[in-house]
Each structure stands twice: as structure tokens, then as C-alpha cells.
Amino acid sequence: MKLSDSRDIAAAPEVVWSAILDPEVLHQCIPGCQSMTGTVEDGFEAVVKQKVGPVSATFTGHVSFSDVVPGQSLSITGEGKGGVAGFAKGGAAVTFEPIPEGTRLTYDVDASVGGKIAQLGSRIVDSFTKKMADEFFARFQDAVEPATEEELAAAAAAEAAAAAEAEALGEEVVADSGDHKKGWFRRMIGG
Amino acid sequence: MPKDGGIGASVKRREDVRFLTGKGRYTDDINIRGQLYAFFLRSDVAHGKLKAVHTAAAAAMPGVVQVFTAADFAAVGGIPCGWQVTDRFGKVMQEPKHPVLADGKVRHVGDPIAMVVAETLDQARDAAEAIDVEIDELPPVLNMKDALKDGAPKVHDELTSNLCYDWGFVEENREAVAKAFEGAAHHITLELRNNRLIANPMEPRVAVGDYEDHSGMHTLYTTSQNPHVIRLLMGAFVLGIPESKLRVVAPDVGGGFGSKIYHYAEEAAVTFAAKMLKRPVKWTCSRSEAFISDAQGRDHLTKMELALDKDHNFLAIRTETHANMGAYLSTFAPSIPTWLHGTLMAGNYKTPLIYVNVKAVFTNTVPVDAYRGAGRPEATYQLERIIDLAARQLGVDPIELRRKNFITPDQFPYQTPVAVVYDTGNYQATMDKLLELSDHAGFAKRLEESKKRGKLRGFGIAHYIEACGIAPSNLVGQLGARAGLYESATVRVNATGSITVFTGSHSHGQGHETSFAQVISEMIGIDSAQVEIVHGDTSNTPMGMGTYGSRSLAVGGSAMVKATNKIINKAKKIAAHLLEASEADIELKDGKFTVAGTDKSKTWVDITLAAYVPHNYPLESLEPGLEETAFYDPSNFTYPAGAYGCEVEVDPETGKVTILAFTAADDFGNVVNPMIVEGQVHGGLAQGIGQALLENCVFDENGQLLSGSFMDYAMPRADDLPFYKVDHSCVTPCTHNPLGVKGCGEAGAIGSPPAVVNAVIDALQRGGHTHVTHIDMPVSPARVWAAINNR
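Residues numbered from 1 in each chain as written. Chains lettered and ligands numbered in written order. Predicted model: local features only at pLDDT ≥ 70, side-chain atom pairs only at ≥ 80, totals over all residues.

**Q** What am I meant to see in helix α3 (residues 116–144) of chain A here?
**A** Side chains that are three or four residues apart share a direction in an α-helix, a result of its 3.6 residues per turn. Residue and element names in this part refer to chain A. Under the 1.5 Å per step criterion, the end-to-end length of α3 is only 36 Å for 29 residues, more than 12% shorter than the ideal 42 Å. Along its length, α3 shows its largest kink, about 85°, at S122. Considered for burial, the residues of α3 that qualify are K116, I117, A118, Q119, L120, G121, S122, F140, A143 and V144. (Helix = DSSP H or I, 4+ residues; strand = E, 2+ residues; numbered from the N terminus. Expected span 1.5 Å × (residues − 1). Bend = angle between axes of the 7 residues up to and from the residue. Buried ≥ 20, exposed ≤ 12 C-beta atoms within 10 Å, placed from the backbone.)

Structure below.
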């Protein structure tokens, strides 16, 4: 299966670059990701729980990076094993191009699936992959793009309401409950 | 004669009462106290080096009793192949090892790597998740022609190539055929594919192994069409168990269509594990698993050539076929594209010269073996498609071209140029019957009616012949069979006159319990309800070869007739004694023994009682009891034949094909139960139409099965099929078996695919799409639409 697309992200290339190579960002952005650890040099170890058509599986996989040109381009290869559900593997060539609005991220993905996923889910693998990519980028954009005034206000209101509710229930109020708000990565790196 | 229950009566199938009320006893219904459950971890890649299988974590999981890998089977044999084909250079085929569990390499998606045995199925399945398999993937070989190229990756490293054999038939005719083509007025060529099919019986495979420690007795309950064959293959070649210590039981079996003929690894694995663990072990195949582990069917790629003289007489046929064997040789795989295919290439026609070349190829796909028709549908499809193409190219009527070249009734017995001798037949008669029943004369009017609605109407015809009632043992022995193909029966007459027949044939939907009883009823003249048919258990039936190749009534039924004749002869001796008459004067009619020309008689029960209570009995010259066994080895194949007609409508906007009518005029020889025969034809037609319009087994470029469920593998449904017109009134009885029967189980699946495709091409041609001369099966809307629009 091949998938080629590009996304315009309202953040500078260096922000997008460092975010996409940050295991914590990937953990937050990959749908169903249970854990993501490692470094760019050694590659990442990931656990992702997903449902492809009728097949549910927890994939454990390894992702490695090559042809790394900082801020510009890199290649990603990875393989996830889902036990008797089968496997998914593939690679992507990604480029980062500065544009007036921020960064144009272009990717060419070549992936294949095997075992039960291929047997039962082949007809929906394409649409599944597209949905995964859409979800990933929606979350990724949330993480790296600056929030608008309205969004910040709405987020603050929601936080206040949640805190009030928690207080009313006698729970300890935690500042960051793990629900990252828009632009969290940008704020984290001081952007 | 009791026509209500004898030969020729449409007796309702007695077995249907239990099948339709949920009372059948299938293998999965068998649960033995203390039974464990097996789950097979299968390869999810098509080709790879199996570096390591780490089972320690799985073995430590709750409920797991043992995890088996190839190493556990090091001391036992591999899965054997039952047929050795010799190639056209006189060399025997390349025969790879077929380990019970993958050893060193995995060769197709679905190849079993490990078997987990646990207290529950869920525990076994969970533990399989914990097995860590290290595979170095290798490039898979999928395309048959690529597989034969120099430097292609090899499925089996120990073989010199992926070529199983290069078979020529009749090799001596090769030159003469080439000459005939050189001098021929017309030379027609057609390249086609016979699409790969998945059998999909309603009941998936199941195997339960049991072992009795104190006696050393093994029992295997399995979904098999031939329990004795499984006992022989597994006992002698895989596990080394003598027949006396191995019982194989195939109880009610929910369809097979060929896929349950073969000895499968799972059967050996559970039998082996039951002994080692001293507990019964059960494996039930899931539907998903069946798609990648049941032997599949067809998958031939053929170049077909027909030479005709200026008067349109067939001069010669030449074919070159690539036949896919898959990754391993399934039990009868080598025989299907050769002896069950090349020998049928004459069809119903008097073509004097035929040369068939078949290259059997190993690929990284699920093994391929017999599927309803097995080789004969492939032969019929080629022949009936090219005759249609020839008629079109020569501008003659396809029906007349067939009639011109038919073998005529006065030519029987007819020696074909491809070894077999047809004993009897009348092909003009079945063609006449077909045209009458299908109202061929009214087609032109119906065509106009379709045109008015913007639809393309077409009529397609196919005539077929098959070699059934397999097979003469001495002949198949010369052809490479590693078994005899006789059949057996024991007829046990009980003291009060009822009869129990133990047959080596196996019913998995054919209705033997009803039709076999009708034969006995007819012969003795007692009610068929008095006759019980027992099959499927090696511990009580005589050694028989099982059911496939439309052989049960022709071969198994003949064995039963032979044993019953022995019974009747002995009963006459007893009657002669009781009636104080000469044996030669005793007549049996309607269950009564009468002294000819007198009113002195004894009933059937008088005789059977005397046999078991021999107070007044010629003990000095006759043994008491009334039980006889017979083995019957046929002297020839039987040759059912028929004419099939298909009328379709094609929607030129969508390419959708609708079958409006389907007519089958068959000559099955004598018919014992017309209702059962009609049902068999209906089922065969559904499968043949399924192949022609819907079914297709597809692997992707990595060898992953894409059509791996009923979402993607399109089985025919009721609304895909028309109401059939089925006729079997054209009868030329088989000349060499006592019943004069020929067999009807596969005919529908053999004759229908070319009839459907011929009809579709006819519709497109009549509709002005004259550039479309062939579309490969399945003739799906997408393919038809593309054919119409790709000028």
C-alpha cells in the first residue's frame, strides 16, 4: 500500500522537526499508542493498540530513522508485530519545507500488512491508514500549532470547570492531568 | 418391485431428518473426558527462513500442557503424497519434504509453525501469542511462470527448481500433433486461466486424537471423506502405527468437495500429542484458518490450440498448462492436472490427435489439490471455450460445430487418443434434450425483448464428459498411484431379516444411507427401511478407499451388489434345503423364495432365521450365518456426459451478468434416486456458476491471501442463481458395472463454467462488442465492463 500526501502546519520547521522526533509527542499523537521510548539514534520502541476491521491487536514495534538531514528530511522504517493478528511494516520518506504559514510536511509511505490483518482487513487497510494519518496530524497540529485566543479561553474555562468539579468531589486538583491542551509542545519548548 | 423404496424411486433422504433438526453428530460434537485443546500458530509470511521458535514463555502460561514445534516431530515421517507422476523424459517428479510442522523454512501464509496444547482453547490461543518466532523473510514465488525462471527463489531448497514435473501426454504424439497443425486449414488459439478456488465446505475441519494407554490403541476422529485412507497414510507413513492399533472415525461430515480427501498435518499432530500427553487432544479449524490451510482447487494457466480442416473437422488439440501445486504436494495433487485432466482432453469429440503438456509448479501459496471435478473441469473449460471461439472465428453455429465432431453412438466403445476408452454414450441425444428443455428455438424472441430493455442477452452451451467411478487399480498403479482404488462392502443379514451394510464409501452429503438401501431393497425385495447403511469407522467397515471422483455408487455400490449377490446365492441354498428342491429351481422375488413353477415358497425371514438358528440346515455343506464381504475393482472408468445451456443477460452499463436460465441434460446411466441426483446436480451447478461469476482466490504481491474471508471471497448465494432445469432421462447405462450407473456428483461443477462464459461472450458479441472474445473467470461486473470499454 502506498500513501503520498502533504500537510501544512502552522509552526516553524525546527518546531515541527523536534516535535516529530520526540517520543512523548508521538506517544500523544499516534492513535492507540500505549508507550513510546527511545532515541533518534537507536530508534524508538513502541506499543500501539489498534483495531483494523474485525481484528484487534496490540502491536509491539521498532521504528528506526535514517538519512537524517536535520530540519529538512528523514526516512523512517518500522515494523509492528501483533501476534496471531499479523503484522504491519513499512517505511516513509518525510521532508520538511518552510512555507509562509509555517512548514509543509510531505510524506511518501509504503506499507504492507500480513497475517490475519491482511486476510480479513485488506479491503479496509487503505482507509484505515488514511484515518490513522488524519488523526495523527490532527493531534500533532494541536500539539505544535499556537492556540488562538478563543481556544485558550475555552481551554481555561474547561480547566476551571473541571477543577471546580473535582474540588466539589473532594479530589486533589492536579494542574496537568495529562490531557494536553492545544500548543502544549510549543509552550513546553518555550515557543 | 417396491418402487416406493427401490431403484428409481425418489425416496426422501433419511439422513436429512437428523441434519435438518440439529441431530447430526459431527466431529466437533465429539468431546472426550479430559480432552485438551490444540491451537496452531501459523506463518503470517509467505516465505522465510525459520530461525528460531521461542516457546518458553508460552509453555509457562496458565493451562498450557505442551508447546510442540518441528523438533518434537523429528522422529516421525512427513506428510506423504499419494501419487507419483513420471515426467515426459521418464524421470519421476520432484517430491519435497512435507514436515508436520514447519522445519527450517515457512513456505506459505498459514504454514503451521507450532501447536499449543492447553486445558482450554482460550488458554492455547493466548499462549500462542506469547510464542516468539524469528523469521528472516525471503522473496516469495507466486507467479508460476516467474517461478520457473533461472534464479527464481526456490520454495524447496533441496529441489533443483520449482518445477515438480514437466508432463507430456501422449508424448509419442508430440510430433504428429505439430505436423497436423502445420497442415491444418484453421488454427485457433486461446489463452485462459482456470481461477483458483477455495472449497469452503459448511463444516470446517476438526480432528480429535485419543489414546488408550493400556492397549496402545489410537483413535482419530476427523472430518474426512475417506477414513481408511487417512489410517493408511498417517499410520504407515507419518506415525508408524499398525492398522490394528489405529482407528479412524469420520462421523457425520458437513461437505468436503475434495478438500477433506487429504491427510493433513493437524490430524497427525493431535494423534501424536494424544499419545505423548496421555490425554485426548482436540483441534477445531476456524473459518479464517480454513482459508489458509485447506487444500485449494484449480489454478491452471493454459494455452490451448485447436486445428481444424477446411470442413471444420477437428484435427488436433495441443495444450500447454502451468498447474499450481502450492507450497507442498497435497495427497493427490500431482494426479489432478495430469491423469484426471489430460485423459479428458478428447471431450465428446473424435479429435484424432492430442498432445497435452503440463508443468506443475511449486509456489509460496496454499497447496492445491482436487476440488469437485478435479482436472476434468479444467479440461472441459479449455475445450468448450475454444470450440466456441472456433465457431465464432469460422462463422458457424457452435452447436453445429459440436454436433459435427461428436463421437457417434455407433462408435462405442470408443478409444480416445488420450488412453481412455469410453464404453457408451449418446451426445446428440443430450444436445437434443438440452435444446428442447431450454427452448432454444425461442431465444431470438427473448433476445429482442432484452434489447428493448437495453440489455444484452446471450446463450451459451457446453458439452462435457468426465471419467468417474475411479478407478481400475492396475491401471492407476501404472500411472503412479500409490494406492488401489477398489471399494468394499460387508452385507450383514441379521437373524430376523434386517440388513446392516458396512461400506468403505463415505457419505458427507451424498445420501448413501438412502440410495444404497434402495439398491438392497430392490435386489432382495424387502422394504428399504429394513436396511441400515454404516460408514465412516475403520473399526467396523472393510478397507475402502472412500468417496470422491463420483465413485461411490459406481464402485462402492457395485461392491455392495457383489456382496448381496453372494448373500442371495447362499440364501437360495438354504431355501432349496428347506423347500426340498434343487437350488437351480429357487427364484427370489419380492422377498420370497419360490420353487419355480410351484406355489411352494419361503419368506426372506424364514431363510435368515434358519441361517442363524440352524436346526434344520445343511450344516455339512453350508456354514451358518448370512454375512458376506466383497471387494470390487472396476474394469474401466465410467463416463457421464451431458449438455449444459446457460442464458444470461448482461447490463452493458455496469457489466453485471444475470443468469436467467440454466438447463442441464445429463446422461448418468441408470439412476437409483432421481431426487438425490437432482440435488447433486443443483449443488454442482451452484459451485460451477460460483467459479464462473464470483469466486476467486487472490494473493497479493507478498503472498498474503486477500480473499481470506467471506467478505472478499464471493460465494454464490441464492439470488445469484436461477431455478434450474435438470434432466437425466437420456440414459446409456454403463456397460461394465452391475448397476449400469455412471456417477453424478461432479457433473454440475464440470459442465457449467464454460456454459456461463460462453453465454456472456455470446451476449457481448450479439450486442455489438465484437472485440470481446474472451474474459477470464470470474466474469465479474468489473471485468465485463472493462472488456466492453477497453477497445
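There is more to say, and it comes next.
**Q** I keep staring at the sheet that holds strand β28 (residues 724–727) of chain B and nothing clicks. Help me out?
**A** All names here are of chain B. On the basis of which strands lie adjacent, the open sheet formed by 4 strands has the order β18-β26-β27-β28 and mixed pairing. Each having just a single partner strand, β18 (456–465) and β28 make up the two edges of the open sheet. Across the sheet, the mean angle from the axis of one strand to that of its neighbour is 10°, orientation sign disregarded. When strand β27 (residues 657–667) meets β28, the two strands line up parallel, connected through 4 bridges. Considered in β28, the bridge of A665 is made with D727. Here helix α11 (residues 427–437) sits on the sheet and contacts β18, β26 (641–650), β27 and β28; the angle it forms with β27, its principal contact strand, is near 140°. Along the sheet face, helix α17 (residues 674–693) touches β27 and β28 and points at about 135° away from the line of β27. (Pairing = 2+ DSSP bridges. Axes fitted to C-alpha atoms, helices over the stretch in contact; angles between N-to-C directions. Contact = placed C-beta atoms within 7 Å.)

**Q** Looking at this structure, how should I read the sheet that holds strand β7 (residues 102–114) of chain A?
**A** Residues and elements named next belong to chain A. Strand order in the open sheet formed by 7 strands is β1-β7-β6-β5-β4-β3-β2, and the pairing between neighbours is antiparallel. Edge positions in the sheet fall to β1 (2–9) and β2 (33–39), since each has one partner strand and no second. For this sheet, the mean angle separating the axes of adjacent strands, direction not counted, is 20°. For β2 and strand β3 (residues 43–52), the ladder comprises 6 bridges, and the chain directions are antiparallel. Within the sheet, the bridge partner assigned to G38 lies in β3 and is F44.

**Q** Would you take a moment to explain the domain arrangement of chain B for this structure?
**A** Often, the extent of an interface is quoted as the loss of accessible area upon association of its parts. All names here are of chain B. Structurally, chain B comprises domain 1 (31–138 + 202–255 + 260–293), domain 2 (300–470 + 636–789) and domain 3 (486–632). Taking only C-alpha atoms into account, the centre of domain 1 sits 36 Å from that of domain 2. Tallying the contact residues gives 23 residues for domain 1 and 22 residues for domain 2. The leading source of residues in the side of domain 1 that touches domain 2 is helix α8 (residues 287–293), at 3 residues. Among the residues making up the side of domain 1 that touches domain 2, the classes are represented as 12 nonpolar, 8 polar and 3 charged. (Domains from an automatic or database assignment. Nonpolar A, V, L, I, M, F, W, Y, C, P; charged D, E, K, R; others polar.)

**Q** Please clarify how the interface of chain A and chain B should be interpreted in this entry.
**A** Residue-level contacts link 13 residues of chain A with 16 residues of chain B. Looking at the side of chain A that touches chain B, the elements that each hand over two or more residues are β7 and α3 of chain A. With 6 residues, the single largest contributor to the side of chain A that touches chain B is α3 of chain A. Considering only residue class, the side of chain A that touches chain B consists of 4 nonpolar, 7 polar and 2 charged.

**Q** I tried to follow the nonpolar core on my own but got confused; where do I start?
**A** In a soluble, globular protein the nonpolar side chains are often hidden away together inside. In terms of nonpolar packing, the biggest core is built from 237 residues, with A38, V116, V756 and V760 of chain B touching the most fellow members. Setting aside residues up to four positions removed in sequence, V760 of chain B forms contacts with G458, V648, V650, V657, I775, V779 and V784 of chain B. Core analysis: the next-biggest nonpolar cluster, separate from the first, contains 30 residues, F44, A57, F96 and V144 of chain A among them. (Core = buried A, V, L, I, M, F, W, Y, C linked by C-beta atoms within 7 Å.)

**Q** Just to check I follow, could you spell out the packing of helix α15 (residues 552–579) of chain B against helix α16 (residues 604–612) of chain B for this structure?
**A** Packed helices, taken two at a time, are described by the angle between their axes plus the distance between the axes. All names here are of chain B. At a closest axis distance of 10 Å, the pairing of α15 and α16 adopts a crossing angle of 95°. On the basis of their axis angle, the class for α15 and α16 is roughly perpendicular. Contacts from A571, I574, A575 and L578 in α15 reach D606, I607, A610 and A611 in α16. Within the contact of α15 with α16, the residues separate by chemical class into 7 nonpolar, no polar and 1 charged. (Parallel < 35°, antiparallel > 145°, perpendicular 65-115°, else oblique.)

**Q** So what exactly am I meant to see when it comes to the pairing of strand β22 (residues 586–589) of chain B here?
**A** On a regular strand, one side chain projects to one face of the sheet and the next to the other, so that they alternate. Residues and elements named next belong to chain B. Pairing geometry for β22 and strand β23 (residues 592–595), over 4 bridges, is antiparallel. Each bridged residue has a counterpart across the sheet, and for K589 the counterpart in β23 is K592. Once β22 ends, the chain turns through 2 residues before running back antiparallel as β23, passing D590 with a positive phi of about 50°.

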